[in-house]
Amino acid sequence: MDILKVLSRGIKKTNKGGAAKHNATSHLPSAGTKANPQLYHDQVRGMKRKRTGDEIGASAPVKLPVVDYFAPKQDIPESKSSESQMAERAASPEPGPTKKLTEEECRQLLRSHRLKITLLSKHEEQKKIKKSKKKQKAVLEEKKEDKKNLFPQPLESFGDLQTTYGISRTVAENLLRQSYRLPTEVQMGSLPLLVRPELALTGVENLSDGVDLLAVAPTGSGKTISFLVPAIDRIMKRREKGGVHGIRELEAVIVAPTRELVHQIVNEGNKLVQGTGIKIVAMRKETQLAAEQKLIVDDSSSDDDDEEEEEDDDDDDESESESEEEEETKRQDKGKGKGKAKKPHPETKTDILVTTPQLLLNFLESGPSGTHKVLPTVRDLILDEADVLLDPLFKETTLGLWTACTNEKVRLSFWSATMGSNIESLVTEELRTRAENSASTQKPFVRLVVGLKDTAVPNIVHKLTYTASEQGKLLALRQLLHPTSNDDTGPPLRPPFLVFTQTIDRATALHEELKYDIPLEAGGSSRIAALHSGLADSARSAIMRKFRAGEIWVLITTDVLARGVDFAGVNGVVNFDVPGSAAAYVHRAGRTGRAGREGGVAVTFYTKEDIPFVKTVANVIAVSEKQAGKTGDGAGVQKWLLDALPNVAKADRKKLKERGVESRRSGGGGRAMITSKSGYERTREHNRKGAMDANRRRRLEGRKEEGEWAGLD
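None of these values were measured; they are calculated from a predicted model.

**Let's talk about the overall build of the protein chain**
For the protein chain, the count of helices and strands is 27 helices and 17 strands. Counting the 713 residues in the protein chain, one finds 43% classified as buried. Considering only contacts in the protein chain between residues 6 or more positions apart, those separated by 24 or more positions represent 83%. Element-wise, carbon and sulfur atoms account for 51% of the exposed surface of the protein chain, whose accessible area totals about 39800 Å².

Below, the structure written as structure tokens:
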């Protein structure tokens, strides 16, 4: 027996370390799905908190069944196959009588889940503004001060969607097959409002055409299901009411900011439309839709010009048709040479279209000059990540799509985890203007907020790490890749995880620096990849597929994956570069801890250059931890750090949001370069390359003077 091994074994804290390691591994997001996907369930005064399955199991003794191991095996009848058994298990319950809660019960239940629902606009207030324009300012002030709080019927289980709210049996069965049982907060509040608002709301008029909804809910809380289910259910009800089956027309448009999010929404939608006959597609560059062509009305033209245009109608029609044919032939000939015209793409027949804003706008503007296309059959317009789509950078594009949906009864819904007051004011004004222009009554506009606005999910751990310099960031990231047992700074970060950088160049440079850090025995460089908008669509899709399958452990990316994309098993997020805004941090950190999973970690590195901008991120972390009940030593951001960090000026915040840290925009030159080499080594290598180039030039010049042929150069 080796006495040194015995002594060292006795010195180590095996029990605590083993228990900590076991707990850290068992609570990782990749360890499994949490039974309760809800983020909040507070105990409200006068209301008893429901006991979960874990609490019941802990308090009541478990009775194990008596098993006879020597009993003969029962033969399973051949008539029932596995598919039929699955169909029986997935069958939705029979419709029963409608059961409504009282207003006080709804109030208590919504408060316990931190749901706040507000009526932002009513058609009665619109009429008052039209009648008395002199008192318009006073009415607007009253509307701001007196926003009516609503307490609609909450959705307590997905089974109530069929029994109480009457959604299609097929859709209800598809939800059960996907294991949707207990709704999250955003689903609890939004689905009754969107499926049957007349049943969910009391005391609100003009609900025959539904409501327009603005929903603000944490990342990973199930917003995609919240807008897909009502859209699919409306299409099926219209078909049943009209008795039309097999004829497709575009009835719903879902707009998302990135291609990855578009494909994710389509995948989730295909799971819900199985057996319904509804088709959902993602838009491509060559997609052709059924749309109406309309002339662009120019109010500046005079009556004489109109008369001249009427006289020359035939010539104009001929020139327009010729120009349209020329543009079509140019598109056909592109990429195939002259004279090789390819066939035009057939029209895509679909019920639901998921697209990025620019793709759809390009199609709407692809007609002859002086005209534009409209989509009169669209009855549902859904903006996912609405705060980005209505940001000043994309606002004109999104409003152009909004204008193209000319149906007066179109329902609009806006979804995001962050929503600024400027976006809310823009949406309210656009809805009011649209109602005035169409001379129709405005639908009720309802806002739903889960928890506190613009805060990160409360079920993950946030860490701020000071690294002093860019080289310190690399050392800190390598320490996360190779953690030690003596690291007591918090829960470890286990692969798979995401690393966010500010620019594409920095993502590429970081990938080149880290691709050999994982040993060959564990997969080597194939375990690390970089994804950004500079890659081709096929390469981006392949990387996403490998990351979801667990073949890639560390995915380095830009903000292209910061919003909406659902990775159920991501254990953590590393902000290699400080996010440009509070909203950017909320969405980046929200890639982990999806659907109530605990154990996720969000780490943010900051250097000397980032200190003026860290206050924004630190404030978000402090509010999120306060909402989760973490105070004192358990908080990731201490009060002394918040007091020591300087406040960020408004101009600096705007510049940081638009451009990021200026020194990191040049591709990593100077002190912001992502490399493990010191400045002395880089200077020495640069001088050596310069000396070699100078020596080569001198040899060529010497050969020329001697008359020797110096080659093509």
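On we go from here.
**Things to note about the pattern of salt bridges**
In the structure shown here, the tally under the stated rule is 40 salt bridges. With a closest N to O distance of 3.4 Å, arginine 107 and glutamate 104 form a salt bridge. Of this pair, arginine 107 and glutamate 104 both sit in helix H5 (residues 103–112), 3 residues apart, which is roughly one turn of the helix. On the accessibility criterion, arginine 107 (26% relative accessible area) is partly exposed. Given a relative accessible area of 43%, glutamate 104 falls into the partly exposed group.

**Description of the environment of alanine 649**
Within the element layout of this structure, alanine 649 appears in the loop between helix H25 (639–644) and helix H26 (650–659). Sequence separation between alanine 649 and phenylalanine 613 is 36 residues, and the spatial gap between their C-alpha atoms is 9.2 Å.

**Notes on empty space enclosed by the protein**
Evaluated as defined, the whole model comprises 2 cavities of 30 Å³ or more. Within this model, the largest cavity holds a volume of roughly 80 Å³. The wall of the largest cavity is formed by 13 residues, among which Leu194, Arg234, Asp380, Ile382 and Ser413 lie closest to the centre. Elements represented by at least two residues in the lining of the largest cavity include exactly helix H12 (223–242), strand S9 (380–384) and strand S10 (411–416). When the residues that make up the lining of the largest cavity are grouped by side-chain class, the tally is 9 nonpolar, 1 polar and 3 charged. Considering only enclosed or pocket space, the second largest cavity measures out at about 30 Å³ in volume. Taken together, Val216, Ala217, Pro218, Ala417, Val450, Leu452, Asp454 and Thr455 make up the full set of residues lining the second largest cavity. Considering only residue class, the lining of the second largest cavity consists of 6 nonpolar, 1 polar and 1 charged.

**Considering H26**
In an α-helix there are 3.6 residues to a turn, and that puts residues three or four apart on one side. Buried residues are scarce in H26, accounting for 1 of its 10 residues. Phi turns positive one or two residues past the end of H26, at glycine 660, with a value near 75 degrees.

**Let's talk about helix H9 (residues 169–177)**
Regarding H9, the residues found buried are Val171, Ala172, Glu173, Asn174, Leu175 and Leu176. The N-cap of H9, judged by a side-chain oxygen 3.3 Å from the amide nitrogen of threonine 170 a few residues on, is serine 168. Just downstream of H9, serine 179 is the residue with a positive phi angle, here 65 degrees.

**Brief notes about the confidence of the model for the protein chain**
Averaged over the protein chain, the pLDDT score is 79; the fraction of residues at 70 or greater is 72%. Note on residues 1–22: pLDDT under 50 across the span, and 2 contacts to partners over four residues away in sequence or across chains. Across residues 49–64, where pLDDT falls below 50, the model places 9 contacts with residues more than four positions away in sequence or in other chains.

**Focus on the sheet that holds strand S15 (residues 554–557)**
One open sheet accounts for 6 strands, arranged S12-S17-S16-S13-S15-S14; its pairing is parallel. The sheet is open, and its two borders are formed by strand S12 (461–468) and strand S14 (528–531), each paired with just one other strand. The mean angle between the axes of side-by-side strands here comes to 20 degrees, regardless of whether they run parallel or antiparallel. One ladder, built from 4 bridges, connects S14 with S15; its direction is parallel. For isoleucine 528, the partnering residue across the bridge sits in S15 and is valine 554.

**Notes on the packing of helix H13 (residues 259–272) against helix H22 (residues 537–549)**
Orientation of H13 relative to H22, taken along the N-to-C sense of each, is 60 degrees, at an axis distance of 11 Å. In terms of axis orientation, H13 runs oblique to H22. You can see that H13 and H22 cross each other, and the crossing is right-handed. Residue-level inspection shows Arg259, Glu260 and Gln264 of H13 in contact with H22, the latter providing Asp537, Arg540, Met544 and Arg548. Taken together, the residues of the contact of H13 with H22 sort by class into 1 nonpolar, 1 polar and 5 charged.

**Regarding the packing of aromatic side chains**
Scanning the entire structure with this criterion turns up 6 aromatic pairs. Relative to phenylalanine 567, the ring of phenylalanine 547 lies with its centre 5.0 Å away and its plane at 90 degrees, an arrangement referred to as edge-to-face. Here phenylalanine 547, found in helix H22, pairs with phenylalanine 567, found in the loop between S15 and strand S16 (572–575); they are 20 residues apart in sequence, far enough to count as distant. This pair shows no difference in class: phenylalanine 547 is buried, exactly as phenylalanine 567 is. Pairing phenylalanine 576 with phenylalanine 605 gives two aromatic rings, centres 6.3 Å apart and planes at 75 degrees, and the pair type is edge-to-face.

**Things to note about the sheet that holds strand S2 (residues 148–150)**
Paired through their backbone hydrogen bonds, the strands of a sheet run either parallel or antiparallel. Taken together, the 9 strands give an open sheet; going across it, the order is S2-S1-S11-S3-S10-S9-S4-S7-S5, and neighbouring strands pair in mixed fashion. On the outer flanks of this sheet lie S2 and strand S5 (280–282), each paired with one strand and no other. Recorded for the sheet is a direction-independent mean angle of 20 degrees between the axes of neighbouring strands. Bridge count between S5 and strand S7 (residues 352–355): 3 bridges; the pairing is parallel. The residue of S7 that forms the bridge with alanine 282 is valine 354. Of the strands in this sheet, strand S1 (115–121), strand S3 (212–216), S10 and strand S11 (445–450) are in contact with helix H10 (residues 185–195), which crosses S11 at around 165 degrees.

**Comments concerning the packing of helix H18 (residues 395–404) against helix H19 (residues 421–437)**
Where H18 contacts H19, the axes come no closer than 13 Å and their chain directions differ by 30 degrees. Relative to H19, H18 is oriented so that their crossing is right-handed. From H18, Lys395, Leu399 and Trp402 reach across to H19, where they touch Leu426, Val427, Glu430, Leu431 and Arg434. Partitioned by chemical class, the residues of the contact of H18 with H19 number 5 nonpolar, no polar and 3 charged.

**Comments concerning the side chain of lysine 515**
Its location among the elements puts lysine 515 in the loop between helix H21 (504–514) and S14. By relative accessible area, lysine 515 is classed as buried at 18%. Reaching out from lysine 515, the side chain makes a polar contact with the side chain of glutamate 512 at a distance of 3.1 Å. Those residues within four positions of lysine 515 in sequence are excluded, and the remaining contacts are Gly524, Ser525 and Ile528.

About the criteria used
- Residues numbered from 1 in each chain as written.
- Predicted model: local features only at pLDDT ≥ 70, side-chain atom pairs only at ≥ 80, totals over all residues.
- Heavy atoms only, no water.
- Helix = DSSP H or I, 4+ residues; strand = E, 2+ residues; numbered from the N terminus.
- Buried < 20%, exposed > 50% of the residue type's maximum accessible area, 1.4 Å probe, protein only.
- Contact = heavy atoms within 4.5 Å.
- Areas by Shrake-Rupley, 256 points an atom, 1.4 Å probe, with all protein chains shown as cover.
- Salt bridge = Lys/Arg side-chain N within 4 Å of Asp/Glu carboxyl O.
- 1 Å grid on protein atoms, 1.4 Å probe; cavity = no way out; pocket = protein on both sides within 12 Å on 5 of 7 lines; lining within 4 Å.
- Points joined across faces, edges and corners; volume = space filled by probe spheres on them.
- Nonpolar A, V, L, I, M, F, W, Y, C, P; charged D, E, K, R; others polar.
- Polar contact = N/O pair within 3.5 Å; in protein donor to acceptor, adjacent residues only side chain to side chain.
- pLDDT = per-residue confidence, 0-100.
- Pairing = 2+ DSSP bridges.
- Axes fitted to C-alpha atoms, helices over the stretch in contact; angles between N-to-C directions.
- Parallel < 35°, antiparallel > 145°, perpendicular 65-115°, else oblique.
- Left-handed = near helix turned anticlockwise from the far one by under 90°.
- Phe/Tyr/Trp six-rings, centres within 6.5 Å; stacked < 30°, edge-to-face > 60°.

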